[in-house]
Amino acid sequence: MTDQHNYDVVIVGAGVCGIYALYRMRELGVRVTVLEAGDDLGGTWYWNRYPGARFDSESYSYGYSFSKELLEEWNWTEQFSPQPETLKYLNYVADKFELRDFMQFGCRVVEARFHESPTHWSIELEDGRILRTKFLLTAIGMLSAATLPTIEGREEFQGESFHTYYWPKEPVSLKNKRVGVIGTGATAVQLIPEVAKEASQLVVFQRRPNWCAPLHNARIEPETMTEIKASYDRIFARCARTPGGFIHGPDRREYDDLSKEEKIAFWEHLYDSPGFGKWLANFVKVLLDPEANAEYSDFIADKIRQRVKDPELAEKLIPKDHGFGTRRVPLETHYYESFNQDNVQLVDLNETPIERITRRGIQTTDQEYEFDIIVYATGFDAITGAFDRIQIRGRNGQTLKEKWEEGPSTYLGLQTSGFPNLAILAGPQSASVGTNFPRGIEEAVDWVTGLLKYAFDQNLDLIEASQEAETEWTELVKDSYNMLLLKDVKSWFTGYNSNVEGHDTTRYLVYFGGAPDYRQRLTDIAANDYKGFLFK
Ligand code: NA7
């Protein structure tokens, strides 16, 4: 084994999280490399190139906060940055901090195996190379394992077809094309209005509608950017106080003390404001209490009815099986208006299910739809999917997939017993996966950096969560769902995915105790000599 293959730390993934983890490891001065399956850095923002892909978080709340110089230099041009600009930003960060030389692209990890005496991980790459590292950090994304529908005949289709995550790098011409889109999640809701502008015919295949609300994107003029730069301290302090790490935090007024008129006036204001406020700046009770939730859902349903001309179609676009905010709320720009266009059609799969994909298009129980392009906006094997795609073997050769078969169990969403020296940055059951992502990952990465420094400083050989601490944390994660209405709704928050075998029961993937609570716990644990971890 040459020195070139030996590291103190290997980071898997060069997305938002991996880039920052590398920055911190470089600061620590350890021998580190990043292994990235893609041909370049960017993760989510490298892969998702579909038209309309952009932040749903305010751009200035999404950038890294660790460098004042970076904050001063970078100019966002839109309130909600589109994918190309975000990718440019991540490249700018990597270049500015000279991180690129420590990244290896086109490196898919197929297996990572823990070895005792001497303690290390061996990492096998698809190209056959084997690397060794003391510590292994995963930054493999929470929505990076795309899932295609298990519909018969997919490979028979003669036109172009792709999952939104793998939207081709080369421009795809939609002009005068007949396009079919399967899915109506946050991705499809961004994509559909863009396709509707170009395609001669767009057919949307909807299984369950979502509660969507307007994004209200706008350009950021240079003077506004100057003001934003002067306010960064306040912006990040605000994000640090809210449960989701966004600038939007819940309205804590007593719901029942307000008149119907007062509530409606507030909701009108939210609906007309940019971003996630309609979901996250709402009254707390809306997400906890069925009646309050129904009132707000009715308000949003009326908005949909006002925006969609055909009343029958409007009803199809209004969710009936879950209330507002109990699944991830897609933010949209003219989504509902797209369905008023003559070239756009909705197929309700509850009425006419898809039977198969054919050579020419999609066959439902009603008819065959012919397409030039089929787009699968069918989502992800969320949060645990990327872990399942690598053979991560801990003590006694057990894989993480086997250990998590019934659902993940972790300590803090950062470590799991039986897999020493593995830090799962922003892993399942962390709060980071439920927050404005960069805010969550900065915290997770900083904390793990502290833990590794502690280990390096004391020449410790091994770090592992105790089984007891893990069991306690996993229970706490389950409890964090208890109060929320979302616990009874099938979504990726609750671990459901109809396209993945076995993902048809509730799995507890997110710590919903809120970012401030999570941060406090991390701080206390570190101050307590990393209570809950075993060291050797
Ligand atoms: P989502 O939110 O998981 O949405 C996937 C969509 O695809 C959703 O509407 C699904 O319907 C639909 N789907 C999935 N499989 C099928 C099959 N087999 N047949 C018909 N329809 C299907 O993924 P997105 O990519 O939109 O968003 C993921 C996250 O990315 C998002 O939350 C943001 O955080 C960014 P269903 O609702 O399951 O009935």
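Because the structure is predicted, anything quoted here is derived from the model rather than measured.

> Is there a simple way to explain the packing of aromatic side chains in this structure?
Each aromatic ring pair is described using two quantities: the centre-to-centre distance and the angle formed by the ring planes. Under the definition given, this model contains 54 aromatic pairs. Between Tyr-481 and Phe-512, the ring centres sit 5.0 Å apart and the planes meet at 80°, which makes this aromatic pair edge-to-face. With a gap of 31 residues between them, Tyr-481 in helix H16 (residues 467-481) and Phe-512 in the loop between H16 and helix H17 (515-527) connect regions that are remote in the sequence. Classification of Tyr-481 as buried rests on a relative accessible area of 1%. Classification of Phe-512 by relative accessible area gives partly exposed; the value is 22%. Taken together, the aromatic side chains of Tyr-20, Tyr-23, Trp-45, Phe-55, Tyr-62, Tyr-64, Phe-66, Trp-74, Trp-76, Tyr-89, Tyr-92 and Phe-97 make up a single cluster linked through ring pairs. The cationic tip of Arg-49 hangs over the ring face of Tyr-46; the distance from NZ or CZ to the ring centre is 4.8 Å. The lysine or arginine in question, Arg-253, covers the ring of Phe-266, its NZ or CZ lying 5.0 Å from the ring centre.

> What's the story with the pattern of salt bridges in this structure? I'm lost.
When their charged atoms lie close together, side chains carrying opposite charge are able to pair. Going through the model one piece at a time under the given rule, you end up with 41 salt bridges. A salt bridge links Arg-328 to Asp-56; its shortest N-O distance comes to 2.7 Å. In this pair, Arg-328 sits in the loop between helix H11 (311-317) and strand E11 (331-332) while Asp-56 sits in the loop between helix H2 (44-47) and helix H3 (59-62), placing the two residues 272 residues apart along the sequence. Judged by its relative accessible area of 26%, Arg-328 falls in the partly exposed class. Taking the relative accessible area as the measure of exposure, Asp-56 reaches 8% and is therefore buried. Between Arg-100 and Asp-95 there is a salt bridge, with its nearest N and O atoms 2.9 Å apart.

> Help me understand the sheet that holds strand E15 (residues 368-370), please; the structure alone is not making it clear to me.
Backbone-to-backbone hydrogen bonds pair the strands of a sheet. The strands run either parallel or antiparallel. Ordered by their spatial adjacency, three strands build an open sheet running E13-E14-E15, and the pairing between neighbours is antiparallel. Both edges of this open sheet fall to strand E13 (354-357) and E15, since each of them pairs with a single strand only. Between one strand axis and the next, the sheet turns through 20° on average, direction left out of account. Across three bridges, strand E14 (residues 361-364) lies against E15 in antiparallel orientation. Among the inter-strand pairings, Gln-363 is bridged to a residue of E15, identified as Glu-368.

> Whenever I open this one, the environment of Pro-438 confuses me. Can you help?
Tracing the backbone shows Pro-438 in helix H15 (residues 437-457). Distance in space between the C-alpha atoms of Pro-438 and Phe-387 is 20 Å, their sequence separation being 51 residues.

> What is the right way to look at a nonpolar patch on the surface in this model?
A cluster of nonpolar residues, Val-284, Leu-288 and Met-483, forms a patch on the protein surface that exposes about 250 Å² of accessible area. Take Val-284: it is sitting in the loop between helix H9 (277-280) and helix H10 (290-307). Since its relative accessible area comes to 31%, Val-284 is described here as partly exposed.

> Looking at this model, I keep getting lost on the nonpolar core. Mind explaining?
Side chains of a nonpolar character, in soluble globular proteins, are inclined to be buried together. One finds Ile-11, Tyr-64, Leu-412 and Trp-447 to be the most contacted residues of the largest nonpolar core, which totals 136 residues. It is H15 that provides the largest number of residues to this core, a total of nine residues. Apart from residues lying up to four places away in sequence, Leu-412 is in contact with Gln-429, Ser-430, Trp-447, Trp-473, Tyr-518, Leu-522, Ile-525 and Phe-533. Judged by nonpolar contacts, the second largest core, of 24 residues, contains Tyr-7, Val-12, Leu-125 and Leu-136.

Criteria and cut-off values
- Residues numbered from 1 in each chain as written.
- Predicted model: local features only at pLDDT ≥ 70, side-chain atom pairs only at ≥ 80, totals over all residues.
- Heavy atoms only, no water.
- Phe/Tyr/Trp six-rings, centres within 6.5 Å; stacked < 30°, edge-to-face > 60°.
- Helix = DSSP H or I, 4+ residues; strand = E, 2+ residues; numbered from the N terminus.
- Buried < 20%, exposed > 50% of the residue type's maximum accessible area, 1.4 Å probe, protein only.
- Lys NZ or Arg CZ within 6 Å of the ring centre and 35° of its normal.
- Salt bridge = Lys/Arg side-chain N within 4 Å of Asp/Glu carboxyl O.
- Pairing = 2+ DSSP bridges.
- Axes fitted to C-alpha atoms, helices over the stretch in contact; angles between N-to-C directions.
- Patch = residues over 30% accessible without salt bridge, like charges linked within 9 Å, V, L, I, M, F, W, Y side chains within 5 Å.
- Areas by Shrake-Rupley, 256 points an atom, 1.4 Å probe, with all protein chains shown as cover.
- Core = buried A, V, L, I, M, F, W, Y, C linked by side-chain atoms within 4.5 Å.
- Contact = heavy atoms within 4.5 Å.

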